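The primary structure of each chain is shown beneath.
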Amino acid sequence: MAPKTSPEIGGMGHSVKRKEDPRFLRGLGNYVDDVNLPGMLYLDIVRSPYAHATIKNIDISKATAIPGVLAVITGKDLEKYNLHWMPTLMSDTQMVLPVDKVMYQAQEVAAVLATDRYIAADGVEAVEIDYDPLPVVVDPKKALLPDAPVLRTDKKDKKDNHIWHWEWGNREATDQLFSEAEVTVKEDIYIPRIHVSSIETCGCVASFDKVKGKLTVWMTTQAPHAIRTVFALVAGHVGLSEEKIQIISPDIGGGFGGKVPVYPGYVIAVAASVLTGKPVKWIEDRMENLQADSFARDYHITAELAGKKDGTLTALRIKTLADHGYTDAAANPSKFPAGLFHVCTGSYDLKAAHVEVDGVYTNKPPGGIAYRCSFRVTEAVHTIERMADLMAHELGMDAAELRMKNFIKPEQFPYKSALDWEYDSGDYGAALKLAMDRVGYNELRKEQAEKRARGELMGIGISSFTEIVGAGPSKHFDILGIKMFDSAEIRVHPTGKVIARFGTKSQGQGHETTYAQIIAEELGFPVDSVLVEEGDTDTAPYGLGTYASRSTPVAAAACAVACRKIKDKARKIAAYLLEAHEDDLEWEPGKFFVKGSPDRAKTIQEISLAAYTNHPPGVEAGLEAVNYYDPPNLTYPFGSYICVVDIDKGTGEIKIRRFVAIDDCGNIINPMIVEGQVHGGLTMGLGPALYEEIQYDESGNIMQGSFMNYLLPTAVETPKWETGNTCTPSPHHPLGAKGVGESATVGAPAAIVNAVVDALWHLGVRHIDIPITSAKVWKLLRDAGVRG
Ligand code: CDP
């Protein structure tokens, strides 16, 4: 039987004209879409209704007959230039446009180039494609069965759908501890596919200047420099050379990991501009973004935790199937195919652990992006925090008490985890205690017992997570061979004004404010004298971009080091101007003065002017510095979150009554920005916990292809977040700071699930996979004989 197709994909048998269709919305206020150049052409994409099918024929005649349609580009056209495939970040291969067959529903099949956006859309409707459906594989477990169809027939020697096996830790020691354990718990945990759904969709304007041979691309990317290098490597043979490629990433309306990969639309737009010599714009619509861009999570986990009857945890064992869709395009550091999933021992002092992950191909879009997460850390945190709760319940021990008993103690830092990570600093007990005090934990437990006696459903859930951010020390971390460091370039002008440029790229995290604050704090310039720029490869120093909460651990450190270089030179200039020895000078923010004579002083502004007008003999003119910072270690922010839920027995509705979030990201540069990061992050943790999931039916049709059924939380669903901090500085970071951008997204879901399971444990409920919908809870209540 031929697979059924979904009515939700553009261009498949519905009569709504795309130009009148609300799906045409390009996201709110798309800055790349605001780039308009004379003579610009527009690109729109024909997408596959099938999840797996051979392409028998593409008839473009009706499309090219439309006035204003200039060309329909197919995989065969790109094949002539060897541009039909491109490498993924994990050194797999991904189609730009298919030549033989499609691998997932909504995959790009052809691109229409036209003089106008709406004509391009009409062209898309007019392209006629004959497909021959092939058997579809959506379940990674079935994908590994011996009789499963082999999906990647493009790989000559591939005989199955297994991508890689990866393991870490000490198997023997772990097995030994399990055989000796007084108590063990085991659970299957599925962390479903979700989508970042940033406010702006992806897109670009590619403009190739045939006279200068220069390509300029305004694009929605979180990593402009890496993109430039990839473009040069992939398209060097058609004349694109790195020094003549300029990537500009303006405000991009949210990234969250989804704007790290290179999507086919970018490549086709560049190819079209190089071929025509005209600027070409491609902007995704909302549904294309949701259905076809890279996804996060999709981990099928089996976890086991071993311990003693007194609650001491000893060992952790995890096996995981990672559904990568049809290609491994995960945005991971090269050495770690499962990202940093092996931080899964969390905040606990375990003796041994062993983790295995197998990557699998299925007929889905590429998965594995680091959705507001430092490469699979959310999956790791969810697992260990669920398992710790299971163990506490199994032992009849309080969940907070079990955590307190097993936390790595402050005096154990720097701490080498059972899976080889060296945690820099932490005081987990302090964060949990503060959260318990804030929420009134002991009173809540009493209330819960009373309510349970009355048949009411109330739960309290804890998540005491440890994050791992700031990739990275370059000895361990690279992306496609490019080492993961980051950079700052600071120039002080003669009038005491500063321009500072970075290799990172803010997507709304407020770098313009916090980097300026660091410069103000280090050098004494007023914040409003500092201009911060990021995202233009022609001007910014080379860096790896912003994702995985790496900007503060890496680029903010580069900023501090560059400031200190400037201060060293400023001291030399001040000594010359004051006719004093450098060692006799003291610094207070904004000026050097002679020890004991505060009146004999030179302000940083006077020094700036002298750097260009009266600099010391033998010292270079100017006042600027660059730093490429290669961190000695990652930073390990942490936190303790406590969630209190009430569940309606009649409907299964979950009401989050309280949510207290205590975070520790070391020294804070800007408290308001950190609080904003935590608020947004918590809501992005709430979504996957209760609402968000991308599913596919057996034919590979996407079941949540629009925001009608892919449910993002709004202000209505979002509870009042009660936030707070403890402060444990990072010992190796120049400012003692750790990253924070994703902590809340990583830590929140486990607290919510633990609270719901805590409310239902006495009814025999042991685990519920996210998203915990009211329907799931209602069914569990019915099965347990509970009526509203
Ligand atoms: O890499 P990304 O910017 O997404 O994450 P981050 O490094 O955690 O920083 C997010 C924002 O919070 C930035 O504006 C940081 O400067 C700010 N932040 C802060 O003020 N203090 C910290 N300890 C950590 C981050």
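Values in this document were obtained by computation on a predicted structure and should not be read as measured data. (Residues numbered from 1 in each chain as written. Predicted model: local features only at pLDDT ≥ 70, side-chain atom pairs only at ≥ 80, totals over all residues. Heavy atoms only, no water.)

### Side note on the packing of helix H10 (residues 399-406) against helix H11 (residues 428-439)
Then, in step 1: Where H10 meets H11, the closest approach of the two axes is 10 Å, and the angle between their N-to-C directions is 160°. What the angle tells us is that H10 and H11 run roughly antiparallel. Like other packed secondary-structure pairs, H10 and H11 cross with a definite hand, here left-handed. Contact residues: H10 offers Ala400, Arg403 and Met404, while H11 offers Gly429, Leu432, Lys433 and Met436.
Then, in step 2: For the contact of H10 with H11, the per-class residue count stands at four nonpolar, one polar and two charged. (Axes fitted to C-alpha atoms, helices over the stretch in contact; angles between N-to-C directions. Helix = DSSP H or I, 4+ residues; strand = E, 2+ residues; numbered from the N terminus. Parallel < 35°, antiparallel > 145°, perpendicular 65-115°, else oblique. Left-handed = near helix turned anticlockwise from the far one by under 90°. Contact = heavy atoms within 4.5 Å. Nonpolar A, V, L, I, M, F, W, Y, C, P; charged D, E, K, R; others polar.)

### Examining the pattern of salt bridges
Then, in step 1: Within this structure, the stated rule accounts for 42 salt bridges.
Then, in step 2: For Asp486, the salt bridge identified is with Arg550, shortest N-O distance 2.6 Å. Taken together, the residues Asp486 in strand S23 (residues 486-492) and Arg550 in the loop between strand S25 (530-534) and helix H14 (551-578) connect sequence positions 64 residues apart. One exposure class covers both Asp486 and Arg550, and it is buried.
Then, in step 3: A salt bridge links Asp783 to Lys779, with the nearest nitrogen and oxygen atoms 3.0 Å apart. Separated by four residues within a single helix, Asp783 and Lys779 lie in helix H18 (residues 774-783), roughly one turn from each other.
Then, in step 4: Residues participating in the shared-partner salt-bridge network are Asp92, Arg152, Asp154 and Lys155. (Salt bridge = Lys/Arg side-chain N within 4 Å of Asp/Glu carboxyl O. Buried < 20%, exposed > 50% of the residue type's maximum accessible area, 1.4 Å probe, protein only.)

### Side note on empty space enclosed by the protein
Then, in step 1: This structure, assessed with the given rule, holds four cavities of 30 Å³ or more.
Then, in step 2: Computed from the structure, the second largest cavity encloses a volume of approximately 60 Å³.
Then, in step 3: If you go around the second largest cavity, the residues you meet are Ile191, Pro192, Ile194, Arg297, Thr378, His382, Pro688, Pro749 and Ile770.
Then, in step 4: Counted by class, the lining of the second largest cavity contains six nonpolar, two polar and one charged residues. (1 Å grid on protein atoms, 1.4 Å probe; cavity = no way out; pocket = protein on both sides within 12 Å on 5 of 7 lines; lining within 4 Å. Points joined across faces, edges and corners; volume = space filled by probe spheres on them.)

### As for helix H13 (residues 511-523)
Then, in step 1: Taking 1.5 Å of rise per residue, 13 residues should cover 18 Å, and H13 covers 18 Å from first to last C-alpha, within 8% of that figure.
Then, in step 2: Turning to H13, its buried residues number three or more, namely His511, Thr514, Tyr515, Ala516, Ile518, Ile519, Ala520, Glu522 and Leu523.
Then, in step 3: Positioned one or two residues after H13, Gly524 has a phi angle of 85°, which is positive. (Expected span 1.5 Å × (residues − 1).)

### A short note on helix H12 (residues 441-453)
Then, in step 1: Here H12 contains 13 residues, and its C-alpha end-to-end distance of 19 Å stays within 8% of the 18 Å for a straight helix at 1.5 Å per residue.
Then, in step 2: Restricting attention to buried positions, one finds in H12 the residues Tyr441, Leu444, Arg445, Gln448 and Lys451. For H12, the buried positions fall inside an angular range of 125° around the axis, keeping them on one side. Residues of H12 that are exposed and point more than 90 degrees away from the buried face comprise Asn442, Glu443, Lys446 and Ala453.
Then, in step 3: Looking one or two residues beyond H12, the residue adopting positive phi is Gly455, at roughly 85°. (Arc of directions from axis to C-beta.)

### Focus: the site of the ligand
Then, in step 1: For the ligand, the set of nearby residues contains 23 residues, the closest of which are Gln509, His511, Ser551, Thr552 and Val740.
Then, in step 2: One of the backbone N or O atoms of Gln509 is found 2.7 Å from an oxygen atom in the ligand.
Then, in step 3: Here an oxygen atom of the ligand sits 2.8 Å away from a polar atom, N or O, in the main chain of Gly741.
Then, in step 4: Across the complex, the protein chains shield 98% of the 510 Å² of accessible surface that the ligand would expose by itself.
Then, in step 5: Contributing elements (two or more residues each) for the shell around the ligand: H13, H14 and helix H16 (671-690).
Then, in step 6: Partitioned by chemical class, the residues of the shell around the ligand number eight nonpolar, 13 polar and two charged. (Near = heavy atom within 4 Å. Polar contact = N/O pair within 3.5 Å; in protein donor to acceptor, adjacent residues only side chain to side chain. Areas by Shrake-Rupley, 256 points an atom, 1.4 Å probe, with all protein chains shown as cover.)

### Brief notes about the confidence of the model for the chain
Then, in step 1: Overall, the predicted model of the chain reaches an average pLDDT of 95, with 96% of residues at or above 70.
Then, in step 2: In this model, residues 7-24 is a region of pLDDT below 50 whose contacts with residues beyond four sequence positions or in other chains number 41 contacts. (pLDDT = per-residue confidence, 0-100.)

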